[in-house]
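# Topology and contacts: notes
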Amino acid sequence: MQSQPIDVIVVGSGACGGLVAKELSDHGFSVIMIESGKRFQPSVDLSNSEANSGKIQWTEPRVYTGKHQVIPKSGMGVGGGTLPWLGLMPRFHQADFKTYSSEGVGEDWPLTYDDLAPYYLKIERDFGVAGDCGPFSPESYSLPMPAHRMSWHAQVLAEGARKAGAHPFVPPTAINSVEYDGRPACIYCGWCGSGCPTGAKATSQGTYLAKAEAAGVQVISEAFVHRVNYDPSAGRVTGVAYLDSAGKEHEVSARLVILTAHAMETPRLLLLSACPTFPDGLANSSGTVGKYLLSHPTWQVFGTFDEPINAYKGFQMGQVMVQDYYKPNPRNDYARGFVLLSYMMTPVTYANLSGDFVGADFKQFLSDYSHTAAWWAHAEGLPSETNTVTLDPQVKDHRGIPVARLTTEWLDNDIKVAAAGRDKAAELMEASGARKVRVGLNYGAHAMGTCRMGNNPASSVVNEYCQSHDIKNLFICDTSVFVTGSGLNPTLTAMAIASRAVDYIATISQQGEL
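All of the points below concern the structure found in this document.

## What to know about the overall build of the protein
Along the backbone of the protein there are twelve helices and 16 strands. Taking 514 residues into account, the globule formula puts the C-alpha radius of gyration at 24 Å, and the protein, at 22 Å, falls close to it. Oriented by its inertia axes, the alpha-carbon framework of the protein measures out at about 70 × 50 × 45 Å. Of all 514 residues assigned to the protein, the portion counted as buried reaches 61%. Taking the contacts inside the protein whose residues are at least 6 apart along the sequence as the reference set, 73% of them involve residues at least 24 apart. Accessible surface, the protein as shown: approximately 18900 Å² in total, 50% of it carbon and sulfur. Charged side chains of the protein number 40 positive and 50 negative; the gap between the two group centres comes to 3 Å.

Structure follows, in structure tokens:
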């Protein structure tokens, strides 16, 4: 039972949730965070083992359907998606927020790069980011830690990129290259996706959330929020209902509710919270909750070399990046662009990303693991109203609650731009001296959209400060508010948007508007 009124409930403890909890606490708000997953002790529970990735990734049922079954990875546990994430933290570019104005595709955001620039800078320092901004960055900026030295894998890929006329560099990564903020430098064990046992990889649990808890924020783990409570007479949300690990229901009340459960579970929760005032889902007068699901169309490209590459040594993704092909080019037969990132994964994932290899070819591919280099071709997928997250009408989780149903189909432009990235990765791999190039799996990375921001309440869910158009004390601070996805990893931008929202909440609260 609550002994005193709580100002804010934050649902979800990932990158955005931890940041929001910490920064609201700094502003003097009392905060309770509710997380569906367990709390892990990384040094004990996440020691180097590929199997540990199963502990920290979302393994509850979801239904994936549509022409292209996109299955974005998401985390589960105190720390959310930052437990299994690989740490890439590039900034979006100015044009990424104005794709319709600049190219006539997608839709313009209600905010700009300049709106987020000070928040990018603050998070890079608070969270801890190492690397270079690169030759094609939105502006010249410096990071608080020096870039990691390129591994042999990265050097081999970089040499091929240079031969092809590209400009490889070590990108911004939230993995310590030196001791920083009480966390050690990376030991390059290579198990990033299974959780970092040393704390060198920045996670919500080890950074913002640790400081938030030290300041008095309460974290309730193994608590599945299945409803946001709404008072129609006041036109406000009043708190949430959750089920604990034993299936017992609890309710927590607060003056403000902030959803940071990511682009698949946030719309699911709003749809589960339907009520007479909002029969199609809470805060869904626009009918857009769950629509415009975004993802990045991605190809995995492998190169086999005569000499050992040992690409598993070092952190898994982003030891080298090529951004030469990111800026839109009117001579292309597609809009937007793509980047290439080094990505060598642990053995089971390596097998899974092989694509359609079978028989002797697949066996040889597995045998070539230590002689293999890998590019990750990562492109922008455009928004489509028919790409959705809905409640599945038949499948329920072990609690008896309908699960999220993802329906996706790549647009023609998505297919073209991703194919261009694939072909360029193969070209650069050959330039690096690979004796054999294999094209692996085509898949979708990063869930975004589904509760998009906008100025028009009839076509968006939240305003530019992540505040619900329908319910003024309900905020959504995660990748679900994205209007477009850019072709870059989304975490830093999501965190910058969330931090900006916190400042807005603090300001209007002081003015008595909440």
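Structure shown, so let's carry the discussion forward.
## Comments concerning the pattern of salt bridges
Overall, the coordinates contain 29 salt bridges when judged by the stated rule. For D306, the salt bridge goes to R435, with nearest N and O atoms at 2.9 Å. Placement of the pair is D306 in the loop between strand 9 (294–304) and strand 10 (317–322) and R435 in the loop between helix 11 (412–431) and strand 15 (436–448), with a sequence separation of 129 residues. Judged by relative accessible area, D306 falls into the exposed class, the value being 60%. Salt bridges here are not isolated pairs; linked through shared partners, they connect E60, R62, E265, R268, D397 and R399.

## Structural notes on the nonpolar core
Most often, soluble globular proteins keep nonpolar side chains buried together rather than apart. Counting residues in hydrophobic clusters, the biggest one holds 147 residues, and the most contacted among them are I34 and L282. Sorting elements by how many residues they give to this core places helix 12 (residues 491–510) first, with twelve residues. Once you skip the residues sitting within four places of it in the chain, L282 turns out to touch V228, Y230, V237, L270, S273, A274, C275, V289, I471 and L474. Core analysis: the second largest hydrophobic core is formed by seven residues, A263, M264, L293 and A404 among them.

## Comments concerning the environment of Y312
Relative to the assigned elements, Y312 resides in the loop between strand 9 and strand 10. In this structure, the C-alpha to C-alpha distance between Y312 and F482, residues 170 residues apart in sequence, is 33 Å. Excluding its chain neighbours within four sequence positions, the residues that come into contact with Y312 are C189, G190, M344, Y369 and S370.

## Quick notes on the side chain of Q323
Note on placement: Q323 falls in the loop between strand 10 and strand 11 (338–343). Once residues within four sequence positions are removed from consideration, Q323 is found in contact with H93, F136, S137, F169, V339 and L488.

## Comments concerning the sheet that holds strand 13 (residues 388–396)
Taken together, the three strands give an open sheet; going across it, the order is 3-14-13, and neighbouring strands pair in mixed fashion. In this open sheet, the two edge strands, each paired with only one partner strand, are strand 3 (63–65) and strand 13. Direction aside, the axes of adjacent strands within the sheet are offset by 35° on average. Strands in contact with helix 8 (residues 262–272) are strand 13 and strand 14 (402–407); relative to strand 13, the strand with the most contacts, it is inclined by about 65°.

## Side note on empty space enclosed by the protein
Within this structure, the stated rule accounts for four cavities of 30 Å³ or more. Of the pockets and cavities examined, the largest cavity occupies roughly 100 Å³. Surrounding the largest cavity, 14 residues form its lining, C186, C189, C192, C196 and K201 being those nearest its centre. For the lining of the largest cavity, a count of residues per class yields ten nonpolar, three polar and one charged.

## Considerations on helix 1 (residues 15–26)
With twelve residues, helix 1 ought to run about 16 Å at 1.5 Å a step, and its terminal C-alpha atoms sit 17 Å apart, in line with that. Counted residue by residue, helix 1 has ten buried out of twelve residues, so it is predominantly covered. Buried within helix 1 are the following residues: A15, C16, G17, G18, L19, V20, A21, E23, L24 and S25. Along its buried surface, helix 1 packs onto strand 1 (8–11), strand 2 (31–34), helix 5 (113–128), helix 7 (208–214), strand 8 (256–259) and helix 12. Where helix 1 ends, the next residue or the one after it, G28, has phi of about 95°, a positive value.

## Examining the sheet that holds strand 12 (residues 372–379)
Read from one edge of the open sheet, five strands run 10-11-12-9-15, paired in antiparallel fashion. Both edges of this open sheet fall to strand 10 and strand 15, since each of them pairs with a single strand only. Ignoring which end each strand starts from, the neighbouring axes of this sheet average 30° apart. As defined by bridge partners, strand 11 adjoins strand 12 across five bridges and the pair is classed as antiparallel. For S342, the partnering residue across the bridge sits in strand 12 and is W375.

About the cut-offs
Residues numbered from 1 in each chain as written. Predicted model: local features only at pLDDT ≥ 70, side-chain atom pairs only at ≥ 80, totals over all residues. Heavy atoms only, no water. Helix = DSSP H or I, 4+ residues; strand = E, 2+ residues; numbered from the N terminus. Rg over C-alpha atoms; globule rule 2.2 N^0.38 Å. Buried < 20%, exposed > 50% of the residue type's maximum accessible area, 1.4 Å probe, protein only. Contact = heavy atoms within 4.5 Å. Areas by Shrake-Rupley, 256 points an atom, 1.4 Å probe, with all protein chains shown as cover. Lys, Arg positive; Asp, Glu negative; His and termini not counted. Charge placed at Lys NZ, Arg CZ, Asp CG, Glu CD. Salt bridge = Lys/Arg side-chain N within 4 Å of Asp/Glu carboxyl O. Core = buried A, V, L, I, M, F, W, Y, C linked by side-chain atoms within 4.5 Å. Pairing = 2+ DSSP bridges. Axes fitted to C-alpha atoms, helices over the stretch in contact; angles between N-to-C directions. 1 Å grid on protein atoms, 1.4 Å probe; cavity = no way out; pocket = protein on both sides within 12 Å on 5 of 7 lines; lining within 4 Å. Points joined across faces, edges and corners; volume = space filled by probe spheres on them. Nonpolar A, V, L, I, M, F, W, Y, C, P; charged D, E, K, R; others polar. Expected span 1.5 Å × (residues − 1).

In short, the description is geometric, and any link to function would need to be established separately.
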